[in-house]
Amino acid sequence: GVRPDAPAPVVPRARGAIQRPGGLVESDAPPQALFDLTRRLGLPSSLEAIGMPGDALDDAAHRVMAASGDDPLVPDFEAVRAMLDDAFFGRVPRG
């Protein structure tokens, strides 16, 4: 088995590794922070940039709605479609 104190030597390094990425983002809001980090790292920040065709957004929204069932975090088709539109054009995530 693994000794309970086995991770102890790496704890100080783990704290530093966790704190370092914090300097890469300037927002406490997770969607904004992830968006900022993506941009700072030079990663694609839009669905268009990763090859999704614009005419597939309606189908994607319908798929999200079908897969979400009664999930209360998925409000309605229009909200999902608006989120996908923002993601397609690389707009900053809303609230």
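Read on for an overview of the structure. (Residues numbered from 1 in each chain as written. Predicted model: local features only at pLDDT ≥ 70, side-chain atom pairs only at ≥ 80, totals over all residues. Heavy atoms only, no water.)

### What to know about the nonpolar core
In this structure, L47, L57, A60, A61, V74, V80, L84 and F88 together form the largest nonpolar core, which totals eight residues. For this core, the secondary structure elements donating two or more residues are helix 3 (57–68) and helix 4 (77–89). The contact partners of V80, leaving out residues within four places of it in the chain, are A61, V64, M65 and V74. (Core = buried A, V, L, I, M, F, W, Y, C linked by side-chain atoms within 4.5 Å. Buried < 20%, exposed > 50% of the residue type's maximum accessible area, 1.4 Å probe, protein only. Helix = DSSP H or I, 4+ residues; strand = E, 2+ residues; numbered from the N terminus. Contact = heavy atoms within 4.5 Å.)

### Thoughts on the packing of helix 3 against helix 4
Taken N-terminus to C-terminus, the directions of helix 3 and helix 4 make an angle of 130°; their axes are 9 Å apart at the nearest point. The orientation of helix 3 relative to helix 4 falls into the category oblique. For the pair helix 3 and helix 4, the crossing hand works out as right-handed. Mapping the contact onto sequence places L57, D58, A60, A61, H62, V64 and M65 in helix 3 and F77, V80, R81, L84, D85 and F88 in helix 4. Across the contact of helix 3 with helix 4, the residue classes break down as nine nonpolar, one polar and three charged. (Axes fitted to C-alpha atoms, helices over the stretch in contact; angles between N-to-C directions. Parallel < 35°, antiparallel > 145°, perpendicular 65-115°, else oblique. Left-handed = near helix turned anticlockwise from the far one by under 90°. Nonpolar A, V, L, I, M, F, W, Y, C, P; charged D, E, K, R; others polar.)

### Section: the packing of aromatic side chains
On inspection of all chains with the given rule, the structure shows one aromatic pair. Taking 4.9 Å as the distance between ring centres and 90° as the angle between the ring planes, the aromatic pair formed by F88 and F89 counts as edge-to-face. The class for F88 is buried, based on a relative accessible area of 6%. A relative accessible area of 47% places F89 in the partly exposed class. (Phe/Tyr/Trp six-rings, centres within 6.5 Å; stacked < 30°, edge-to-face > 60°.)

### Structural notes on helix 3
Look at helix 3: 16 Å from first C-alpha to last across twelve residues, which is about the 16 Å you get at 1.5 Å a residue. Buried within helix 3 are the following residues: L57, A60, A61 and S68. For helix 3, the angular spread of the buried residues around the axis is 100°, confining them to a single face. Turned more than 90 degrees away from the buried face of helix 3 sit R63 and A66, all of them exposed. In this structure, the buried side of helix 3 is in contact with helix 4. Of the residues one or two after helix 3, G69 is the one with positive phi, at around 55°. (Expected span 1.5 Å × (residues − 1). Arc of directions from axis to C-beta.)

### Overview of helix 4
End to end, helix 4 covers 18 Å across 13 residues, agreeing with the expected 18 Å (1.5 Å per residue, within 8%). Those residues of helix 4 lying buried are V80, L84, D86 and F88. Buried residues belonging to helix 4 abut helix 3. The distance from a side-chain oxygen at the start of helix 4 to the backbone nitrogen of E78 is 3.2 Å, and the residue carrying that oxygen is D76. A positive backbone phi angle near 75° is found at G90, which sits one or two residues after helix 4. (Polar contact = N/O pair within 3.5 Å; in protein donor to acceptor, adjacent residues only side chain to side chain.)

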